[in-house]
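What the coordinates show
Here is how the chains run, residue by residue.
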Amino acid sequence: MAAAEPRGAGAAPPGYTALAVKFGERQRSPHCLLVKEHRVREGPGDAHPPARTLFVLNVPPYCGPGALSRLFGSCGPVQSVDVRDKPGPGEKTEKQRSKFFGRRTATGFRVAYVVFKKPASVQAVKALAQEGPLLVSTDSHPVKTGVSKWIARYADSVVDQEELKAEVDTFMQDYDKKVAQEEAKAAQEEGVPDEEGWVKVTRRGRKPGLPRTEAANLRVLERERRKRARKELLNFYAWQHRETKREHIAQLRKKFEEDKQRIALMRAQRKFRPY
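Given the structure is predicted, the values throughout are model-derived calculations rather than measurements. (Residues numbered from 1 in each chain as written. Predicted model: local features only at pLDDT ≥ 70, side-chain atom pairs only at ≥ 80, totals over all residues. Heavy atoms only, no water.)

**A short note on the packing of aromatic side chains**
Summed over the entire model, instances satisfying the criterion amount to 2 aromatic pairs. Taken together, a centroid distance of 5.1 Å and an interplanar angle of 90 degrees make the contact between Phe 23 and Tyr 62 edge-to-face. Residue Phe 23 is found in the loop between strand 1 (17-22) and strand 2 (31-37), and its partner Tyr 62 is found in the loop between strand 3 (53-59) and helix 1 (65-71); the two are separated by 39 residues along the sequence. The class of Tyr 62 is partly exposed, set by a relative accessible area of 30%. Ring geometry for Phe 55 and Tyr 113: centres 5.2 Å apart, planes at 40 degrees, overall tilted. You can see Phe 55 sitting in strand 3 and its partner Tyr 113 sitting in strand 5 (residues 110-116), a full 58 residues away along the chain. Judged by its relative accessible area of 8%, Phe 55 falls in the buried class. Note on Tyr 113: relative accessible area 3%, which makes it buried. (Phe/Tyr/Trp six-rings, centres within 6.5 Å; stacked < 30°, edge-to-face > 60°. Helix = DSSP H or I, 4+ residues; strand = E, 2+ residues; numbered from the N terminus. Buried < 20%, exposed > 50% of the residue type's maximum accessible area, 1.4 Å probe, protein only.)

As structure tokens, then:
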């Protein structure tokens with residue numbers, strides 16, 4: 001059996017193109033980005049059109065969306081860059097991502113989807129493999145490292161209270177609007193049978209159902225106990241009167257014995273303690 005031929009430093013898996021990338025000019029060993037055209041069946045809400053999207057593997061942590069947009073900007077105008085931890089479907093989102101919530105720091109190599117404005121730009125990326133290594137950090141666009149990176153990260157962690165309050169207020173307004181729409185829709189569908197003639201029972205009718213919680217169950221049991229106590233006739237018969245007296249005397253005797261034991265224990269513990 002013949003031995004497998006070793007893969008070269010710039011070789012790429014089948015279907016991919018290897019692009020040499022260096023962090024800066026002083027770096028000797030380049031890093032390889034594996035790129036190919038993103039080919040999937042396009043859905044109605046897909047944010048990664050197959051004809052204009054470049055799929056990038058082996059993206060280092062220091063190479064963010066801005067750096068990728070600048071690296072591939074020579075091939076054509078870039079519409080958007082989506083960097084993720086692992087490949088997945090892209091869904092169009094109308095709302096912008098929160099600046100304060102859900103932020104994650106890159107800890108390893110990731111994947112990216114670079115969407116161009118023209119389909120010809122995806123094919124032009126393959127020609128970059130014939131050129132020299134691309135530089136991520138340049139004099140005009142430096143990538144912060146070391147102490148400067150820590151300072152910038154600390155500055156970003158300081159939250160602007162007014163901006164945070166505005167974002168929270170906007171979120172709560174959207175949430176209240178959504179809840180109001182759901183309540184209005186439920187009110188319209190209340191009591192209306194479906195196609196098969198079934199009527200959906202909800203908690204918003206004239207007799208809303210009770211929540212199935214432990215506190216609600218305890219309240220129902222306590223209400224039933226009080227109702228039975230009001231209906232019960234106490235000492236109506238002679239034997240009920242005798243039983244009540246007998247139970248009262250038994251409780252008094254039990255309490256008397258407990259008091260005797262407590263007094264005996266207190267006397268036993270009363271000792272002379274000079275220190």
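Past the structure itself, the notes keep going.
**A word on the sheet that holds strand 6 (residues 134-135)**
What the 6 strands build is an open sheet, ordered 4-5-3-2-1-6; its pairing is mixed. The open sheet terminates on both sides in strands that have one partner only, identified here as strand 4 (78-84) and strand 6. Taken together, the 5 bridges between strand 3 and strand 5 define a ladder with antiparallel strand orientation. Within strand 5, the residue paired with Val 56 across the bridge is Ala 112. (Pairing = 2+ DSSP bridges.)

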